[in-house]
Amino acid sequence: TRRIGLEIAKYPEKRMKDALETARALARDAEAWDKRLRAFAAKKLLKLKNQAWLDENEKPLDAARFEKRIKPESLEAFPKGRFEFCFEDGDIFWGHLIVISGGLEKGPARADIAG
């Protein structure tokens, strides 16, 4: 099992407890969240990779290979069930991070590359 960093933003005690509950909820179903986040990243970013980020002579990626290459790096948990995951990109985007944000209720909502 790979460990990832966890950051809880600094909040007053009540909001801190809420942010910790977000982290606990994600941890309780970590395997399902991992699969869901990887699939979301592939859905949102695969087309960008294959249209604009291919190295010379590099073949386009499919979703399965995309999902397999990215690795979780960190999780930031917020109050009200919000979260932000960062994944190492497996050199898909030349070393940039993949950042996925969303919430417990609706799931992942946005995927971007950063750094």
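Notes on the structure in this doc start here. Just so it is clear, the model here is predicted, and its values are computed rather than measured. (Residues numbered from 1 in each chain as written. Predicted model: local features only at pLDDT ≥ 70, side-chain atom pairs only at ≥ 80, totals over all residues. Heavy atoms only, no water.)

Topic: the pairing of strand 3 (residues 82–88)
- Pairing of strand 2 (residues 71–77) with strand 3 involves six bridges; the strand directions are antiparallel. By the bridge assignment for strand 3, Glu 76 is matched with Glu 84.
- From the end of strand 2 to the start of strand 3, which pair antiparallel, there are four residues, and Lys 80 there has a positive phi angle of about 60°.
- Where strand 3 and strand 4 (residues 97–103) come together, seven bridges link them in antiparallel fashion. Residue pairing for strand 4: Glu 88 is matched across the bridge by Leu 97. (Pairing = 2+ DSSP bridges. Helix = DSSP H or I, 4+ residues; strand = E, 2+ residues; numbered from the N terminus.)

Brief notes about the pattern of salt bridges
- By the definition in use, this model includes five salt bridges.
- The partner of Lys 49 in a salt bridge is Glu 58, and the shortest N-O contact between them spans 3.1 Å.
- Taking the relative accessible area as the measure of exposure, Glu 58 reaches 24% and is therefore partly exposed.
- Its salt-bridge partner being Asp 112, residue Arg 110 comes within 2.6 Å of it at the nearest N-O pair. (Salt bridge = Lys/Arg side-chain N within 4 Å of Asp/Glu carboxyl O. Buried < 20%, exposed > 50% of the residue type's maximum accessible area, 1.4 Å probe, protein only.)

Considering the nonpolar core
- If you look at the biggest cluster of nonpolar residues, it comprises 21 residues, and the most contacted ones within it are Phe 66, Ile 98 and Ile 100.
- With seven residues, the single largest contributor to this core is helix 2 (residues 30–52). (Core = buried A, V, L, I, M, F, W, Y, C linked by side-chain atoms within 4.5 Å.)

Some remarks on helix 2
- The terminal C-alpha atoms of helix 2, which comprises 23 residues, lie 32 Å apart, in line with the 33 Å expected from a rise of 1.5 Å per residue.
- The largest bend in helix 2 is about 50°, located at Leu 45.
- Regarding helix 2, the residues found buried are Trp 33, Leu 37, Arg 38, Phe 40, Ala 41, Ala 42, Leu 45, Leu 46 and Lys 49.
- Taken together, the buried residues of helix 2 touch helix 1 (13–28), helix 3 (63–69), strand 2, strand 3, strand 4 and strand 5 (107–114). (Expected span 1.5 Å × (residues − 1). Bend = angle between axes of the 7 residues up to and from the residue. Contact = heavy atoms within 4.5 Å.)

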